[in-house]
Amino acid sequence: MDTNRLSKSIEDILNKQVTKEANAAQIYLSYAVWADSEGYAGVANLFFRHSGEERNHMMKVIEYIQERGGRAKISALAAPPKDPKNLQECFEKTFQHEVDNTTAIYEIVNLAQKEKDWATWNFGQWFVKEQIEEETLIMDLLDKLKIAGGPKASSESLLYLDSKIGKQEDDADLARDASVDNP
Ligand code: FEO
């Protein structure tokens, strides 16, 4: 008896996402090592932790494919990107990466909707929310760097920024949780 409730196209797109999340973990890992080498211990700490989050995302998709009777595929990973030139480029590239990943998640939920695969659509909603958080988290880093002076930030302001980033929460505040008392 065939217990696979995933269509071939859904199983394929989910397996693509498994590789994407694993590649994302590698990107954060390589940027964390770069940041640490440049002396940004706080940024390195946040990115090392975030690399683990990306592996968790990968795990969720693997588990989901298996849970639905499909077969998860473990593929080769791409080489990580070149080291960024500076913190500004590091955050900009990370932000673009997250926006691209959001597009990939939207492709999954779009296909699930088209095929009326409501289990996958429902599963995908967790990732839709997660991507709002991830984009917000990195956008906040860009905002903080802008306040510190952007490309012209002094060593003192970068040192202060780095120590703040190292201690910040892994999750960003979202608009849906705002109120008049707590904007
Ligand atoms: Fe798994 Fe940063 O998205």
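Being a predicted model, the structure only gives us computed values, none of them experimental.

A.B. asks: Would you mind showing me how to read the environment of Ile105 here?
C.D. replies: Topologically, Ile105 is positioned in helix H3 (residues 87-114). In this structure, the C-alpha to C-alpha distance between Ile105 and Trp126, residues 21 residues apart in sequence, is 10.0 Å. Dropping the residues within four chain positions of it, Ile105 is found in contact with Gln17, Glu21, Gly124, Phe127, Val128 and Gln131.

A.B. asks: Explain unusual backbone geometry here, please?
C.D. replies: It is generally the case that most residues other than glycine have a negative phi and that most peptide bonds are trans. Look at Lys116: it is not a glycine, yet its phi comes out positive at around 55 degrees. Within the secondary structure, Lys116 is located in the loop between H3 and helix H4 (118-147).

A.B. asks: Explain empty space enclosed by the protein here, please?
C.D. replies: Gaps left between atoms show up when a probe the size of a water molecule is rolled over them. Going through the model one piece at a time under the given rule, you end up with 1 cavity of 30 Å³ or more. Space inside the largest cavity adds up to approximately 50 Å³. Every residue lining the largest cavity is listed: Leu14, Gln17, Val61, Ile105, Ile108, Val109, Phe123, Gly124 and Phe127. Counted by class, the lining of the largest cavity contains 7 nonpolar, 2 polar and no charged residues.

A.B. asks: How should I be thinking about the pattern of salt bridges in this particular structure?
C.D. replies: Where charged atoms from two side chains of opposite charge approach closely, those side chains can pair. Following the criterion strictly, the structure yields 5 salt bridges and no others. Across the pair Asp12 and Lys8 runs a salt bridge, and its minimum N-O distance is 2.7 Å. You can see Asp12 and its partner Lys8 sitting in helix H1 (residues 8-38), 4 residues apart, about one turn around the helix. Asp12 sits in the partly exposed class, given a relative accessible area of 31%. The exposed category is assigned to Lys8, whose relative accessible area is 62%. Between Arg49 and Asp170 there is a salt bridge, and its shortest N-O distance comes to 2.5 Å. Highlighted residues: Arg49 in helix H2 (residues 41-67) and Asp170 in the segment after helix H5 (155-167), separated in sequence by 121 residues.

A.B. asks: Mind showing me how you'd approach the UniProt feature "binding site: Fe cation" (unreviewed entry) in the protein here?
C.D. replies: Per the UniProt record, "binding site: Fe cation" (unreviewed entry) is annotated on Glu21, Glu54, His57, Glu98 and Gln131. Taken along the chain, the residues just named run across 111 residues; in space they keep tight, none of their C-alpha pairs more than 13.0 Å apart. In this structure, His57 sits in helix H2. Apart from the residues within four sequence positions on either side, His57 is in contact with Glu21, Trp126, Phe127, Glu130 and Glu134. Inspection of the secondary structure assignment puts Gln131 in helix H4. Relative accessible area serves as the criterion here: at 1%, Gln131 is assigned to the buried category. Non-local contacts of Gln131, meaning those with residues more than four positions away in its chain, are made with Glu98, Asn101, Thr102 and Ile105.

A.B. asks: Just to check I follow, could you spell out the layout of surface pockets for this structure?
C.D. replies: Approximately 150 Å³ is the volume attributed to the largest pocket. Lining the largest pocket are Lys20, Asn23, Ala24, Ile27, His97, Asp100 and Asn101. Elements that contribute at least two residues to the lining of the largest pocket include exactly H1 and H3. The leading source of residues in the lining of the largest pocket is H1, at 4 residues. Each residue belonging to the lining of the largest pocket can be placed in one class, and the counts come to 2 nonpolar, 3 polar and 2 charged.

A.B. asks: Would you explain H1 in this entry?
C.D. replies: In this model H1 runs 45 Å from its N-terminal to its C-terminal C-alpha over 31 residues, within 8% of the 45 Å that 1.5 Å per residue would give. The positive-phi residue at the C-terminal boundary of H1 is Gly39, with phi of around 95 degrees.

The rules we used
- Residues numbered from 1 in each chain as written.
- Predicted model: local features only at pLDDT ≥ 70, side-chain atom pairs only at ≥ 80, totals over all residues.
- Heavy atoms only, no water.
- Helix = DSSP H or I, 4+ residues; strand = E, 2+ residues; numbered from the N terminus.
- Contact = heavy atoms within 4.5 Å.
- 1 Å grid on protein atoms, 1.4 Å probe; cavity = no way out; pocket = protein on both sides within 12 Å on 5 of 7 lines; lining within 4 Å.
- Points joined across faces, edges and corners; volume = space filled by probe spheres on them.
- Nonpolar A, V, L, I, M, F, W, Y, C, P; charged D, E, K, R; others polar.
- Salt bridge = Lys/Arg side-chain N within 4 Å of Asp/Glu carboxyl O.
- Buried < 20%, exposed > 50% of the residue type's maximum accessible area, 1.4 Å probe, protein only.
- UniProt positions renumbered as here; feature names shortened; annotations may be inferred.
- Expected span 1.5 Å × (residues − 1).

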